[in-house]
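Notes for the structure review
So the chains spell out like this:
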Amino acid sequence: MSKRIRIDKLLAHMGLGTRSEIKKAVKQGKVTVDGKPVKDSGLIVDPDQAQVAYDGEIVVYRDVVYLMLNKPQGVISATEDGRERTVIDLLEPEDRLLEPFPVGRLDKDTVGLLLLTNDGQLAHELLSPRKHVAKTYEALVQGDVGETDVQAFAAGVTLDDGYAAMPAELHIVNREQKEGMVYSSISLTIMEGKFHQVKRMFEAVGKKVIALKRVSMGPLRLDETLAEGAYRELTEEEVALLRGHRQTNG
Ligand code: URA
């Protein structure tokens, strides 16, 4: 089956820039199809047939997919499971065709930003412990989170298994009393992703995470217009940001 796609869309899809950057590159004569400079960034090509080059480099077209999911509670961050519903079960059948998988894991009861992609290289780099990709969480914590905790997290707390967590940035958003208990709303940015890390960091200071939501991963922020359980494709700007992030940190 022949594929037909606009040249600017194809190049943006491959992470070579935003649509407007590509338009500029077309004007500068940097984009060629079968050796001839493209004049119109709306030109329709079949990527399996045409030889597309950008700045003299041949562009090998791959069908990649990048989805941002606002993960709801009660589903697991896996592609398949015999018993439990997975994040892939939330996708429409046509969005499963390119076999996206979750980039990292959120606990079953954690909500928020989860990137799903079939771009193994990007996933690997976002998850690599050496890259220290920042992840920001918002949480409701049972207990009176205070300045001592901010300092302990900034210094790096020791988890239950003896692991010394890297310094993390804790912000106290609000504190309230309910039925004699203090609850704290916080945001926390960590640069690593150990199993149950946020929950275990609070356990290390004698407190309990009641609700947890991830709001960002590297340069990617959760689109708050997505209801829990809803998802959308990343915009070209978001893909470019993620790839830019990979280059500057790589
Ligand atoms: N930390 C946790 O404890 N759980 C998550 O799902 C993510 C980070």
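Structure shown above.
All of the points below concern the structure found in this document. These numbers come from a predicted model, not from an experiment. (Residues numbered from 1 in each chain as written. Predicted model: local features only at pLDDT ≥ 70, side-chain atom pairs only at ≥ 80, totals over all residues. Heavy atoms only, no water.)

1. Some remarks on the packing of aromatic side chains
If you walk through the whole model with that rule in mind, you get one aromatic pair. When the ring centre of Y183 is taken as reference, the NZ or CZ atom of K178 above it lies at 5.9 Å. Of note, K194 hangs over the ring of Y163, and the distance from its end group to the ring centre comes to 4.8 Å. (Phe/Tyr/Trp six-rings, centres within 6.5 Å; stacked < 30°, edge-to-face > 60°. Lys NZ or Arg CZ within 6 Å of the ring centre and 35° of its normal.)

2. Description of the site of the ligand
Looking at the ligand, the residues that line it are L106, D107, T110, Y137, H196, Q197, V198, K199 and L212. Separating an oxygen atom of the ligand from a backbone N or O atom of Q197 is a distance of 3.4 Å. One of the backbone N or O atoms of V198 is found 3.0 Å from a nitrogen atom in the ligand. Relative to its unbound accessible area of 230 Å², the ligand is 96% covered by the protein chains. Spatially, the ligand is embedded in the largest pocket. The element that contributes the greatest number of residues to the shell around the ligand is helix 6 (residues 197-204), accounting for three residues. Its residues placed into classes, the shell around the ligand shows four nonpolar, three polar and two charged. (Near = heavy atom within 4 Å. Polar contact = N/O pair within 3.5 Å; in protein donor to acceptor, adjacent residues only side chain to side chain. Areas by Shrake-Rupley, 256 points an atom, 1.4 Å probe, with all protein chains shown as cover. 1 Å grid on protein atoms, 1.4 Å probe; cavity = no way out; pocket = protein on both sides within 12 Å on 5 of 7 lines; lining within 4 Å. Sits in = over half its atoms within 2 Å of the grid points. Helix = DSSP H or I, 4+ residues; strand = E, 2+ residues; numbered from the N terminus. Nonpolar A, V, L, I, M, F, W, Y, C, P; charged D, E, K, R; others polar.)

3. Describing the environment of D107
Residue placement: D107 occurs in the loop between strand 8 (101-102) and strand 9 (111-117). Overall, D107 belongs to the buried group, its relative accessible area being 16%. Each C-alpha atom of the pair D107 and R175 lies 25 Å from the other, and the pair is 68 residues apart in sequence. Not counting residues within four places of it along the chain, the set of residues in contact with D107 comprises K71, H196 and K199. There is a polar contact of 2.9 Å between the side chain of D107 and the side chain of H196. (Buried < 20%, exposed > 50% of the residue type's maximum accessible area, 1.4 Å probe, protein only. Contact = heavy atoms within 4.5 Å.)

4. Brief notes about the pattern of salt bridges
It is possible for side chains of opposite charge to pair when their charged atoms get near one another. According to the stated counting rule, one finds 15 salt bridges in the structure shown. Here K207 and D149 are joined by a salt bridge, their closest N and O atoms 3.1 Å apart. Of this pair, K207 sits in the loop between helix 6 and strand 13 (208-217) while D149 sits in helix 5 (residues 147-155), and the two are 58 residues apart along the sequence. Judged by its relative accessible area of 15%, K207 falls in the buried class. (Salt bridge = Lys/Arg side-chain N within 4 Å of Asp/Glu carboxyl O.)

5. Section: the sheet that holds strand 3 (residues 36-37)
Here we have four strands laid out as an open sheet, ordered 3-2-5-6, and antiparallel in their pairing. Strands with a single pairing partner mark the edges of an open sheet, and in this sheet they are strand 3 and strand 6 (57-58). Pairing of strand 2 (residues 31-33) with strand 3, which is carried by two bridges, proceeds in the antiparallel orientation. Note on strand 3: the bridge partner recorded for V33 is K36. (Pairing = 2+ DSSP bridges.)

6. What to know about the pairing of strand 13
Regular strands show a simple pattern: their side chains alternate between the two faces of the sheet. Bridge count between strand 9 and strand 13: two bridges; the pairing is parallel. Directly across from V111, in strand 13, lies its bridge partner K213. Note: strand 13 against strand 14 (residues 220-221), two bridges, orientation antiparallel. Each bridged residue has a counterpart across the sheet, and for S216 the counterpart in strand 14 is R221. Connecting strand 13 to the antiparallel partner strand 14 that follows it, the hairpin turn spans two residues, and G218 within it adopts a positive phi of roughly 55°.

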